[in-house]
Amino acid sequence: MTALAAAVVGLGAIGQDYDIDCRDDSRVLTHAHAYEVHPGFRLAAGVDPALEARERFTRRFGFPAYPDIGRMLASVHADVVSVAVPTALHAAAFEACAAAGVRAVICEKPLAPSVEEAGRMVARARAAGMKVLVNYMRRCAPGVAELGRRMAAGRFGEIYKGQVWYGKGLRHGGSHLLDLLLHLLGAAGPFDIVSPGRALADGDRDPDFRVRIGGTDVHFLAVRSEHFAFAKIDLLGTAGRIEYAQGGYRITAWSAADSPLFPGQRALPAEGEPLANDMRRYQYHVLEELHRCLQSGAEPVSSGARPMSP
């Protein structure tokens, strides 16, 4: 498959800045750098209304940057576009990409401000034959894929209870962990608010709540991430335990076995089995998933077919 031309719309932190100083594939944290290093894609252009961001992009990557998506699409052929602008601007970017015949869009979360608008965006993309991958990058990580295989094989038994620590508000940090559990456990069901939490920027909040996901009761607890980042999932099953820690940089699995000390009892080993997840290159794995889907015609693991943010 010929390398696909790609453009990044929104040249902020996730667009280019997190790893703008990295010149190899040891750290792939942004859309621009992922397109630069993945052999299935080639970076072709950037878009940002801020002149400084455009100049930074051109200095670093050597490609033109435009003040708006319309001018970029009129000047550059783009097979794939990453949309990393504020949520309120996603729909307009989708429409421009669909009208221009773009083959696929990687869109930052949340996909839209409302369920209704997200549905319209997905419908427009489908009508145009444009694939959508919502950038819940944890779904694409190799350790999560391995974890999913083990869960499907019953290695942990019935997952019956979970606890999540999250920060940066439910729409921002919390939605990543909620989405990952939707991916691993199934659809969300009833929920109860334990504490409404604080009012944060952009209308977000950080409530403590309990929600049933698939057949599992999961308790979400908010942390004050202005002090330090902390993101963790702990799942208990009838045959083992899963810990998704440090925001996914460490995944550990335990399988219950007969206790060596107490006959008739089951216990977890002192040390769990680490599952390699390669989160230092999370955006590379997103492109791996998109490349696979463009080759096979399959739907991406986070396609926007149902809204992924609360």
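Student: Residues and numbers for the overall build of the chain, please.
Tutor: Assigned secondary structure in the chain consists of 9 helices and 16 strands. In terms of overall size, the chain behaves like a compact globule, its C-alpha atoms giving a radius of gyration of 20 Å where 310 residues would be expected to give roughly 19 Å. Dimensions of the chain along its principal axes, counting C-alpha atoms only, are 70 × 40 × 40 Å. Across the 310 residues of the chain, 50% fall into the buried class. Considering only residue pairs separated by 6 or more positions, the chain has 65% of its internal contacts joining residues 24 or more positions apart. By element, 54% of the accessible surface of the chain is carried by carbon and sulfur atoms, the whole surface being about 14200 Å².

Student: Please give an account of the sheet that holds strand β10 (residues 216-222) that cites residues and values.
Tutor: Within the open sheet, the 8 strands sit side by side as β8-β9-β10-β7-β11-β12-β13-β16. Their pairing is mixed. Of all the strands in the sheet, the pair left with one neighbour each is β8 (188-195) and β16 (273-275). Strand-to-strand, the axes of this sheet are offset by a mean angle of 15 degrees, without reference to chain direction. Where β8 and strand β9 (residues 208-213) come together, 5 bridges link them in antiparallel fashion. Directly across from F191, in β9, lies its bridge partner V211. Contacts between helix α7 (residues 142-152) and the sheet are confined to β7 (159-166), β12 (240-245), β13 (250-255) and β16, with β16 contributing the most and set at about 125 degrees to the helix.

Student: I'd like a description of the sheet that holds strand β1 (residues 4-9), backed by residues and values.
Tutor: Strand order in the open sheet formed by 6 strands is β3-β2-β1-β4-β5-β6, and the pairing between neighbours is parallel. The two strands at the open ends of the sheet, each matched to only one other strand, are β3 (65-66) and β6 (131-134). Bridging between strand β4 (residues 80-83) and strand β5 (residues 104-107) involves 4 bridges; their strand directions are parallel. In the strand pairing of β5, V83 is matched with C107. On top of the sheet, helix α9 (residues 282-296) reaches β1, β2 (41-47), β4, β5 and β6; it is set at about 155 degrees to β5, its chief contact.

Student: Report on α7, specifying residues and quantitative values.
Tutor: For α7, the full list of buried residues reads G143, V144, L147, R150 and M151. Looking down the long axis of α7, one finds its buried residues gathered within 120 degrees of arc, a one-sided arrangement. Residues of α7 that are exposed and point more than 90 degrees away from the buried face comprise R149 and A152. Packed against the buried residues of α7 are β7, α8 (169-185), β12, β13 and β16. Just beyond α7, the residue with positive phi is G154, at close to 80 degrees.

Student: I'd like a rundown of the nonpolar core, residues and numbers included.
Tutor: Of all hydrophobic cores here, the largest spans 58 residues; its most connected members are Y35, V80, L181, L185 and F220. Residue contributions to this core peak at 8 residues, all from α8. In terms of nonpolar packing, the next biggest core, distinct from the first, is built from 32 residues, V47, F94, A112 and M121 among them.

About the cut-offs
Residues numbered from 1 in each chain as written. Predicted model: local features only at pLDDT ≥ 70, side-chain atom pairs only at ≥ 80, totals over all residues. Heavy atoms only, no water. Helix = DSSP H or I, 4+ residues; strand = E, 2+ residues; numbered from the N terminus. Rg over C-alpha atoms; globule rule 2.2 N^0.38 Å. Buried < 20%, exposed > 50% of the residue type's maximum accessible area, 1.4 Å probe, protein only. Contact = heavy atoms within 4.5 Å. Areas by Shrake-Rupley, 256 points an atom, 1.4 Å probe, with all protein chains shown as cover. Pairing = 2+ DSSP bridges. Axes fitted to C-alpha atoms, helices over the stretch in contact; angles between N-to-C directions. Arc of directions from axis to C-beta. Core = buried A, V, L, I, M, F, W, Y, C linked by side-chain atoms within 4.5 Å.

So far we have only geometry, and geometry alone does not tell us how the molecule works.
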